[in-house]
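Fold and geometry: a report
Residue strings, one per chain:
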Amino acid sequence: MIRFTAVLLSVALAAPVYAQKKYDPGASDTEIRIGNTNPYSGPASAYGAIGKTIAAYFRMVNEQGGINGRKVNFITYDDGYSPPKTVEMVRKLVEQDQVLFVFQTLGTPSNTANHKYMNARKVPQLHVATGATKWNDAKNHPWTMGWQPNYQTEGQIYARHILATKPDAKIGILFQNDDYGKDYVKGLKDGLGAKAKGMIVAEVSYEVSEPTVDSQIVQLQASGANVFFNVATPKFAAQAIRKAYDIGWKPVQYLNNVSISVGSVLTPAGLEKSVGLITAAYQKDATDARWADDPAMKAWQAFMKKYYPDANLSDSFHVYGYAVGQTVHQVLKQAGDDLTRENIMRQAASMKNYRVDVLLPKIVVNTSKSDYAPLEAVQLQRFNGKQWELFGEVISAEQN
Amino acid sequence: MKKTGTDPIFLILVLLAALAIALPFVASNYRTFQFTLVMVYAIALLGLNILTGYNGQISLGHGAFYAMGAYCAAILMDKLGVPYWATVPVAGAVCLVAGFLFGLPALRLEGLYLALATFALGVAMPQLLKYKALDGWTGGVQGIVILKPEAPAFFPNAGIPLNADQWLYFFTLAITVVMFVIGWNLLRGRVGRALIAIRDHPIAAEAMGVNNALYKSAAFGVSAMYTGIAGALGAIAVQFVAPDSFNIFLSILLLVGIVIGGLASISGALYGALFIQFVPNLADEVSKAAPWAIFGILMIVFVYLMPTGVAGALRLLLARRARKRTMPPIPQEEIP
């Protein structure tokens, strides 16, 4: 009888310990499986640097003991920036590789293709690598969350700057013909308000499958625009910058944030051809001399040297990958031993003033049950031929 | 030759049916999904085989008919709210007409010239689907996302819990069986003989009273119908259509499928489908850097070892065994 009660008591005491550890497919005592797709090949392959940086970050995390004692198994597939391929790879990650959640899948069209599937399956589509406004939709798509400041807000900030500095501008827009491009254009138009119709003299689009955008640039010059809003992914943005300079068209150029990398966009375009470009930034740029002694950037450089030595340090995608790695690291730390998909989303939606130190000062991560936009602040910067120079103040679109 | 026991073909079909029905209950959802796609490809390959294998008209553009069927289903389901099972016959009908209309002017073209014309269709389709004016219907480069159909309430009520993947598998299986039976009937009768006659000796066929023009266009139409139905089922299974899913590579892959599977053979469609569904995945596991090189090597190996396709090789094997059984024993010595 006593032995029986002893056994019962020990089981009862042990039960809470076991009850605290909760796992969904992809998590166990020793491992957390995270899935990802990135365009390592194809027209957007410049972004592949992000996937490689995240992989390097998790190598560092594992070497330092993992997260709460568990190693991270980062499984990443190439989708070539092609939505059907992304659908296939994400399906493989969720159903065959049984990952706990899918993280930083890159591309607006690629994530759009999986949006309904991930939410129907209740698998987190976390910190997607796109700034389209539609990811901040906690009510209808509670399993999808973005990370970077959204495109429409960025467009509005450019509009405000144009109205303040060049109120009689004639604006020409080059945009990628998909949801990402259209999101930026909407932001700009909303920011210009009633003046949009009068100020925008040309709106020219391009398809990802096209080899160059040279003819579109010639078209924009012919429209008489003196302000150019360049909404293009790295390869096409570089072509646009170069062509505009080569044909002698010198508008005030606003470059969208997704292509501000000095290493993969401005250098191929030509550094002297990129002088005067204005963009909105939220992370510290590796080429900016003012961060030379910044401890956060120094730590980043040490990380790159050890875990990704043959990378081009002037490529801002390596800072981006490091920053998102740190963010999800925090989410997993907060999740502790409750590694269910529901808890991952809950933790991701409860980050209060979390500071990622490679982001610009005063920019913090803030999320809540109704606010699925982790980053909402940017600061304008201008390229001087060698590096990006910040100016003005940090502009925040934080609602709450 | 004495027939011992039941017809072996019948036994094989029964075994196949049993395996097919048992599969979704023993395999994972992902495998079930992959086998659903195998059946989809099998229907498409049977369609292409009717045209190329049995009728000798080369088509490098069947991906376009697959795309037409897929978009038909997607647009009907997404924009017009049509239930998924109704989209399949509509896709088939649309592609039947489209195929027939394409087949009519193609009558003037033979061999390589026909191949080029169909290639033009295959290569133009993704661009046509991205055409800005049709963006409202086709969803442009972003494509259309379809919601997966659930099993009808009849099954859980009857005590058989079928999830969406399993239900879709059985739905596709039923349609595959129907299409294969129709194809088998068509090809073993007068129509089949006429098609083969046109392939081998068009002038002799004409002289025998076969209306070449009608049969050739009809072959195009029927072939397109099969591929369109496959496209619709494929769209429902993958739940996503985008112009980039249906590029020229798909057309070429379908041609690879029928050659590897076996030209002018119905079972060849199944072997070819298994090849084009699983071998690229296999190649990806062997080499991450050059999966298509591995795929190419495997293709060459298959073509070298089995020049008449898997179906042809099996036929030869069975014929050789049958001959051995019926041949009289060779006398050891001749009595002078």
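Residues numbered from 1 in each chain as written. Chains lettered and ligands numbered in written order. Predicted model: local features only at pLDDT ≥ 70, side-chain atom pairs only at ≥ 80, totals over all residues. Heavy atoms only, no water.

**A short note on the overall build of chain B**
Rules: Numbering goes from the N terminus for both helices and strands, where a helix is a DSSP run of H or I of at least four residues and a strand is a run of E of at least two. The buried label goes to any residue with under 20% of its type's maximum accessible area, the exposed label to any with over 50%, and the partly exposed label to all in between, with areas taken from a 1.4 Å probe on protein chains only. Here, residues are in contact when the closest pair of their heavy atoms is within 4.5 Å. Exposure was quantified through the Shrake-Rupley algorithm and a 1.4 Å probe, taking into account, for residues, occlusion by the shown protein chains and nothing else. Positive: Lys, Arg. Negative: Asp, Glu. His and the chain ends are not part of the count. For this purpose, a charge sits on NZ of Lys, CZ of Arg, CG of Asp or CD of Glu.
Scanning chain B for helices and strands turns up 15 helices and two strands. If one aligns the C-alpha atoms of chain B with their principal axes, the spans along those axes are about 90 × 55 × 45 Å. Put simply, chain B has 336 residues, and 47% of those count as buried. Counting only contacts in chain B whose residues sit at least 6 apart along the sequence, the fraction spanning at least 24 positions is 79%. Accessible surface, chain B as shown: approximately 17,400 Å² in total, 71% of it carbon and sulfur. Of the side-chain charges in chain B, 20 are positive and 13 negative, and the distance between the mean point of each set is 6 Å.

**Considering the overall build of chain A**
Helix and strand counts for chain A stand at 13 helices and 14 strands. As displayed, chain A offers around 15,600 Å² of accessible surface, 53% of which is attributable to carbon and sulfur atoms. Treating the 43 positive side-chain charges of chain A as one cloud and the 37 negative ones as another, the clouds have centres 2 Å apart.

**Here we look at the nonpolar core**
Cut-off, in case you're wondering: Nine residue types can take part in a nonpolar core, namely buried Ala, Val, Leu, Ile, Met, Phe, Trp, Tyr and Cys, and a core is a set of them joined through side-chain atoms within 4.5 Å.
Core analysis: the largest hydrophobic core is formed by 121 residues, its most contacted members being A:I171 and A:L188. Beyond its immediate chain neighbours, meaning those up to four positions away, A:L188 contacts A:G155, A:Q156, A:Y158, A:A159, A:I162, A:I171, A:I173, A:I200 and A:F229. Ranked by size, the runner-up nonpolar core spans 88 residues in total, among them B:A20, B:F170, B:M179 and B:I266.

**Let's talk about the sheet that holds strand 2 (residues 31–38) of chain A**
Residue and element names in this part refer to chain A. Applied cut-off: One requirement defines pairing of two strands: DSSP has to find at least two bridges between them. Axes, fitted as lines to C-alpha atoms, cover a helix only where it is in contact. Angles between the N-to-C directions of the axes lie from 0 to 180 degrees.
Pairing is parallel across the open sheet formed by four strands, whose spatial order is 3-2-4-5. Since the sheet does not close on itself, it has two edges, and those belong to strand 3 (71–78) and strand 5 (125–126), each with one partner. Across eight bridges, strand 2 lies against strand 3 in parallel orientation. Bridging across to strand 3, N36 finds its partner in T76. On the sheet, helix 12 (residues 317–335) packs against strand 2, strand 4 (101–103) and strand 5 and is oriented at approximately 155° with respect to strand 4.

**Here's the deal with helix 2 (residues 29–54) of chain B**
All names here are of chain B. Condition: Expected helix span is given by 1.5 Å per residue-to-residue step, counting one fewer step than there are residues. What the bend at a residue measures is the angle between two axes, fitted to the seven residues ending there and to the seven starting there.
The end-to-end C-alpha distance of helix 2 is 36 Å, a good match for the 38 Å that 26 residues give at a rise of 1.5 Å each. The largest bend along helix 2 reaches roughly 35° and is located at L48. Burial analysis of helix 2 places 23 of its 26 residues in the buried class, which makes it a mostly covered element. One or two residues past the end of helix 2 sits G56, with phi positive at roughly 70°.

**Here's the deal with the interface of chain B and chain A**
Selection rule: Here the buried area means the combined drop in accessible surface, using a 1.4 Å probe, for two parts upon being joined, counting both sides. One speaks of a salt bridge when a side-chain nitrogen belonging to Lys or Arg is within 4 Å of a carboxyl oxygen belonging to Asp or Glu. Only Asp, Glu, Lys and Arg are considered charged in this grouping, and only Ala, Val, Leu, Ile, Met, Phe, Trp, Tyr, Cys and Pro are considered nonpolar; every other residue, Gly among them, is considered polar.
Counting residues at the interface gives 22 residues for chain B, matched by 24 residues for chain A. Summed over both partners, the interface of chain B with chain A comes to about 1,900 Å²; 50% of that surface belongs to carbon and sulfur atoms. At the surface where chain B touches chain A, the tally comes to one salt bridge. Within the residue set of the side of chain B that touches chain A, elements represented by two or more residues are helix 2 and helix 11 (212–238) of chain B. Partitioned by chemical class, the residues of the side of chain B that touches chain A number nine nonpolar, four polar and nine charged.

**A closer look at a nonpolar patch on the surface**
Threshold: Here, patches come from residues exposed beyond 30% relative accessible area and free of salt bridges, joined within 9 Å for like charges and within 5 Å for nonpolar side chains (Val, Leu, Ile, Met, Phe, Trp, Tyr).
Where nonpolar side chains cluster on the molecular surface, the patch consists of B:V97, B:F100, B:L101, B:L104 and B:L214 and spans about 440 Å² of accessible area. In terms of residue count, helix 4 (residues 84–106) of chain B provides more of the nonpolar patch than any other element does, four residues in total.

**Let's talk about the packing of aromatic side chains**
Put simply, the rule reads: The pairing test for Phe, Tyr and Trp rings, Trp by its six-membered ring, is centres within 6.5 Å, and the orientation test on the planes gives stacked under 30 degrees, edge-to-face over 60, and tilted for anything in between. Only Lys NZ and Arg CZ are tested; either one counts as a charge over a ring when it is within 6 Å of the ring centre and within 35 degrees of the ring normal.
Scanning the model with the defined rule gives 32 aromatic pairs over all chains in all. A centroid spacing of 5.4 Å and a plane angle of 50° characterise the contact between A:Y158 and A:Y254, whose relative ring orientation is tilted. With A:Y158 in helix 5 (residues 151–165) and A:Y254 in strand 9 (residues 252–255), this residue pair connects regions lying 96 residues apart in the sequence. Summarising the burial analysis for this pair, A:Y158 and A:Y254 share the class buried. Taken together, a centroid distance of 4.9 Å and an interplanar angle of 70° make the contact between B:F275 and B:F302 edge-to-face. Of this pair, B:F275 sits in helix 13 (residues 266–286) while B:F302 sits in helix 14 (residues 291–305), and the two are 27 residues apart along the sequence. Given the relative accessible area of 4%, B:F275 is considered buried. Every member of this aromatic cluster is reached through a ring pair, and the members are A:Y57, A:F58, A:F74, A:F303, A:Y307 and A:Y322. Taking NZ or CZ as reference, A:K284 lies 5.0 Å from the ring centre of A:W291, over its face.

**Some remarks on helix 11 of chain B**
When the terminal C-alpha atoms of helix 11 of chain B are compared, their 38 Å separation across 27 residues agrees well with the 39 Å that a helix rising 1.5 Å per residue should span. Burial analysis of helix 11 of chain B places 21 of its 27 residues in the buried class, which makes it a mostly covered element.

**Remarks on the side chain of B:S251**
Residues and elements named next belong to chain B. What counts is decided by this rule: Under this definition, polar contacts are N or O atom pairs within 3.5 Å; protein pairs additionally need one hydrogen-donor-capable and one acceptor-capable atom, and for neighbouring residues in sequence, both atoms have to be side-chain atoms.
By the element assignment, S251 lies in helix 12 (residues 248–261). S251 sits in the buried class, given a relative accessible area of 1%. For S251, the side chain forms a polar contact with the main-chain nitrogen of G63, separated by 2.9 Å. If we skip the residues at most four places from it in the chain, S251 touches L60, G61, H62, G63, A64 and G122.

**Some words on a positive patch on the surface**
A contiguous patch of positive charge, built from B:R320, B:R321, B:R323, B:K324 and B:R325, is present on the exposed surface. Positionally, B:R325 belongs in helix 15 (residues 309–326).

**A look at the confidence of the model for chain B**
The line we're drawing: For every residue, the pLDDT score states the predictor's confidence, bounded by 0 at the bottom and 100 at the top.
For chain B, the mean per-residue pLDDT works out to 88, and 97% of the residues sit at or above 70. Here the prediction assigns the complex a pTM of 0.82, and the interface score ipTM is 0.75.

**Thoughts on the pairing of strand 10 (residues 278–281) of chain A**
All names here are of chain A. Because side chains alternate across strand 10, one face comprises the buried residues I278 and A280, and the other comprises T279 and A281, equally buried. As defined by bridge partners, strand 10 adjoins strand 12 (residues 377–383) across four bridges and the pair is classed as antiparallel. By the bridge assignment for strand 12, A280 is matched with L380.

**What about the environment of A:P167?**
Residues and elements named next belong to chain A. Checked against the element boundaries, P167 lands in the loop between helix 5 and strand 6 (171–176). Along the sequence, P167 and D78 sit 89 residues apart, while their C-alpha atoms lie 44 Å from each other. P167 has contacts with I162 and M199, leaving out every residue within four places of it along the chain.

**Brief notes about unusual backbone geometry**
Residue and element names in this part refer to chain A. For Y81, which is not a glycine, the phi torsion comes out positive at approximately 60°. Secondary-structure assignment places Y81 in the loop between strand 3 and helix 3 (83–96). Residue classification places Y81 among the buried positions, given a relative accessible area of 7%. The backbone phi angle of Q104 is positive, close to 55°, even though this residue is not glycine. By the secondary structure assignment, Q104 is in the loop between strand 4 and helix 4 (108–121).

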